[in-house]
Amino acid sequence: MSTDVLQKSSGLNFELSEQQQLIRDSIKDFVERHVAPSVKKRDANKEFPHDIVKMLAEQGFMGMVHPEKYGGGGVGHVSFCLAIEEIARWDASLALTVASHTSLGSGHIALAANESQKEQYLTPLAKGEKLGAWCLTEPGSGSDASGMKTTAIKKDNHWVLNGTKIFITQGSVGDVYVVLAKTDPDKGTKGISAFIVEGDWDGVQPGKGMEKLGMKSSDTTEVVFEDVKVPEENLLGELGKGFVDTMKVLDGGRIGIGALSVGIARGALEESMKYSGERKQFGSPIGDFQAIETKLANMATEIDAARMLVHRAAWLKDQGKPFTQAVSKAKLFASELSVRAANEAVQIHGGYGYIKEYHAERLLRDAKLMTIGEGTSEVQRMIIARELKKEFWG
C-alpha cells in the first residue's frame, strides 16, 4: 500500500498517490460537513466532541497509521499528515485529539508492546473504540524528564504506581493511559519505565479541565495516580527503557504537530484570502493593497515550505530511516510559522480579527501551543544542533 509522496528512479515526484488523494478528499469533506459548522460553539463551551470523535473512528481515522492486523488503517505517515492538516484547518483542538491519541497514547503501545498487549490494548485504540492518553509531563518536570517524581515500586506480582502528571491530553476522557515512572530512581533516565494503565482502575484520579489560552475543546487535565496496582504484565517495553522509547515516541509525535501547525497556518491564509477579497477600503478590496499582498504571499510560500518539511520527515519515518533531525526542523519551522500566519491573519482582519465572530482570533490562540507542545522551539534547536554535531563532528 502506497504510503508517501512517490519517489521514482527518474527523480522525485511530488504528486500524491490515488490513495492519498482519496484520504485527503474524504477527510476534507467530513470536516467541512461535520466539524466546521460547530467549531465556534465547541470552543466557546470548552466542549469535547465525543460524537465527532466517534464518527472519525467509524471511518478509520483514529488509528490510520497502525497495522490493519490490529484494527488500524495500515497507511503511512504522509497520509496521516494530510488528514491532520485538513482537520486542523478548521479545528485544531480536534486535530490535537486525533494526533495525540494516534502518535502518543497508542503510538507508544505500537512501538514497545508485546503481542499480547497489542491485541488487548492497541486493537481497541486503533479502532477508536477507546481513547488513549500519554502521561509524561509533571508539575516539576517538563523538558527534563529525568526530574519526574512518579514512581512504580514492584510488590509481588504487580507494581504500585504513585505520582501526578499534568497537561495530559485526553486526561479525563481517556480510557487507556501510558504512564512513565521511575522504577529505579538512582539510575536517572535509565531507571524510567513505561506502564499501560486503565482509566477505571482504583487510584486513577483525573482532574478537572485546565483553563487554557487556546485548544479549548481539547481535553487537558492533571491525572493523579495513588497506589495504583499495575499488573506486572502491563510493563510496556523493557524495564528501564521507558525514556529511550519516549524519545522515539516524541519524534513520531512531532510529525503530527508539524502537520497540525501547517493546518492552522493554512486556515489563517484561507481566512485572510476570503476576508481581504470581501473587505473594501478606498473603493478597492484590501487584498489589492501591496502591504496585504506581501503578507499573503509570504504566508503562502512559508506554508508550502513547512508542508514539504513535514512530509519529508513523515516519508523518512515510513522508510525506516533516521528522521530525528528532519522532524525537529519540520516541527520548529511549522510551529513558528503557525503563530506568524495566525498573527498576520488577525492583522489583516483588523478589528474584526480580535473578536470571536471570526475564526482568526481562535487560530491565533490555538497556534501558540504548537511552539510549546512535544518539545519547545528551544528544545528543537538543541536537537537539531546535536544532530548536526554528530553529522559533522562524528
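Residues numbered from 1 in each chain as written. Predicted model: local features only at pLDDT ≥ 70, side-chain atom pairs only at ≥ 80, totals over all residues. Heavy atoms only, no water.

A separate point is the UniProt feature "domain: Acyl-CoA dehydrogenase/oxidase C-terminal" (unreviewed entry) in the protein chain. Mapped onto this numbering, the UniProt entry annotates "domain: Acyl-CoA dehydrogenase/oxidase C-terminal" (unreviewed entry) at residues 240-388. Along residues 240-388 the backbone is 75% helical and 3% strand, and the end-to-end C-alpha distance reaches 28 Å. (UniProt positions renumbered as here; feature names shortened; annotations may be inferred. Helix = DSSP H or I, 4+ residues; strand = E, 2+ residues; numbered from the N terminus.)

Attention shifts here to the pairing of strand E9 (residues 220-231). Note on strand geometry: in a regular strand, side chains alternate between the two faces of the sheet. Pairing geometry for strand E5 (residues 158-169) and E9, over nine bridges, is antiparallel. Looking across to E9, one finds that threonine 164 is bridged to valine 224. Bridge analysis of strand E8 (residues 204-209) against E9 gives four bridges, and the strand direction is antiparallel. Bridge pairing links glycine 209 to threonine 221 in E9. (Pairing = 2+ DSSP bridges.)

For the rest of this paragraph, the subject is the UniProt feature "domain: Acyl-CoA oxidase/dehydrogenase middle" (unreviewed entry) in the protein chain. On the UniProt side, "domain: Acyl-CoA oxidase/dehydrogenase middle" (unreviewed entry) is annotated at positions that read residues 134-228 here. Helix makes up 0% of residues 134-228 and strand 51%, whereas the separation of the span's terminal C-alpha atoms amounts to 16 Å.

Secondary-structure assignment places glutamine 290 in helix H8 (residues 290-318). Put simply, glutamine 290 and lysine 241 are 49 residues apart on the chain and 55 Å apart in space, counted from C-alpha to C-alpha.

The next subject is the environment of glycine 128. When you line up the elements, glycine 128 lands in the loop between helix H6 (115-126) and strand E3 (132-135). Relative accessible area serves as the criterion here: at 22%, glycine 128 is assigned to the partly exposed category. Distance from glycine 128 to valine 98, taken between C-alpha atoms, is 9.7 Å for residues 30 residues apart in sequence. When residues no more than four places from it in sequence are discounted, the contact partners of glycine 128 are Ala57 and Met62. (Buried < 20%, exposed > 50% of the residue type's maximum accessible area, 1.4 Å probe, protein only. Contact = heavy atoms within 4.5 Å.)

Across the twelve residues that make up E5, a large majority, nine, are buried. Examined bridge by bridge, strand E4 (residues 151-155) and E5 share five bridges and lie antiparallel to one another. If you follow threonine 151 over to E5, its bridge partner there is asparagine 162. The hairpin formed by E4 and E5 contains two residues between the paired strands, and aspartate 156 there has a positive phi angle of roughly 55°.

The next point concerns the pattern of salt bridges. Applying the stated rule across the entire model yields 28 salt bridges. For arginine 42, the salt bridge is made with aspartate 91, and the minimal N-O distance between the two is 2.6 Å. One end of the pair, arginine 42, is in helix H2 (residues 39-45); the other, aspartate 91, is in the loop between helix H4 (77-90) and helix H5 (92-112), with 49 residues separating them in the sequence. Owing to a relative accessible area of 2%, aspartate 91 belongs among the buried residues under this scheme. A salt bridge links arginine 266 to glutamate 86, with the nearest nitrogen and oxygen atoms 3.0 Å apart. With arginine 266 in helix H7 (residues 242-278) and glutamate 86 in helix H4, this residue pair connects regions lying 180 residues apart in the sequence. Classification of glutamate 86 as buried rests on a relative accessible area of 6%. (Salt bridge = Lys/Arg side-chain N within 4 Å of Asp/Glu carboxyl O.)

Okay, the domain arrangement of the protein chain next. Annotation of the protein chain at the domain level lists domain 1 (18-131), domain 2 (133-240) and domain 3 (243-393). Centre-to-centre, using C-alpha coordinates, domain 2 lies 30 Å away from domain 3. Taken together, the contact between domain 2 and domain 3 spans twelve residues of the former and 13 residues of the latter. Summing the contributions of domain 2 and of domain 3, the shared interface buries around 980 Å²; its carbon and sulfur component is 71%. On the domain 2 side of the contact with domain 3, Trp134, Leu213 and Met215 bury the most area, a combined 51% of that side's loss. Where domain 2 touches domain 3, the interface holds two residue pairs in polar contact (both at pLDDT 80 or more). Classifying every residue of the side of domain 2 that touches domain 3 gives seven nonpolar, four polar and one charged. (Domains from an automatic or database assignment. Buried area = accessible area lost by both parts, 1.4 Å probe. Polar contact = N/O pair within 3.5 Å; in protein donor to acceptor, adjacent residues only side chain to side chain. Nonpolar A, V, L, I, M, F, W, Y, C, P; charged D, E, K, R; others polar.)

Attention now goes to the packing of aromatic side chains. In this structure the tally under the stated criterion is five aromatic pairs. Centre to centre, the rings of tyrosine 177 and phenylalanine 225 are 6.1 Å apart; their planes meet at 90°, and the pair counts as edge-to-face. Taken together, the positions of tyrosine 177 in strand E6 (residues 176-182) and phenylalanine 225 in strand E9 put the pair 48 residues apart, joining distant regions of the chain. Just as tyrosine 177 is buried, phenylalanine 225 falls in that class too. Between tyrosine 275 and tyrosine 352, the aromatic rings sit 6.3 Å apart at their centres with planes inclined by 55°, giving tilted as the arrangement. Within this pair, whereas tyrosine 275 is found in helix H7, its partner tyrosine 352 is found in the loop between helix H9 (324-349) and helix H10 (360-367), the two being separated by 77 residues in sequence. Given a relative accessible area of 35%, tyrosine 352 falls into the partly exposed group. It is arginine 89 that lies over the ring of tryptophan 90; its NZ or CZ is 3.9 Å from the centre. Against the face of phenylalanine 333 rests arginine 340, its NZ or CZ located 5.8 Å from the ring centre. (Phe/Tyr/Trp six-rings, centres within 6.5 Å; stacked < 30°, edge-to-face > 60°. Lys NZ or Arg CZ within 6 Å of the ring centre and 35° of its normal.)

In this structure, Ile27, Leu56, Met64, Ile84, Leu260 and Ile264 are the most contacted members of the largest nonpolar core, which totals 69 residues. Sorting the residues of this core by element identifies helix H1 (18-35), helix H3 (50-58), H4, H5, H7, H8, H9 and H10 as the ones contributing at least two each. When residues of this core are assigned to domains, at least three fall in each of domain 1 (18-131) and domain 3 (243-393). In contact with isoleucine 27, not counting residues within four places along its chain, are Leu56, Phe61, Leu82, Ala83, Glu86 and Ile87. (Core = buried A, V, L, I, M, F, W, Y, C linked by side-chain atoms within 4.5 Å.)

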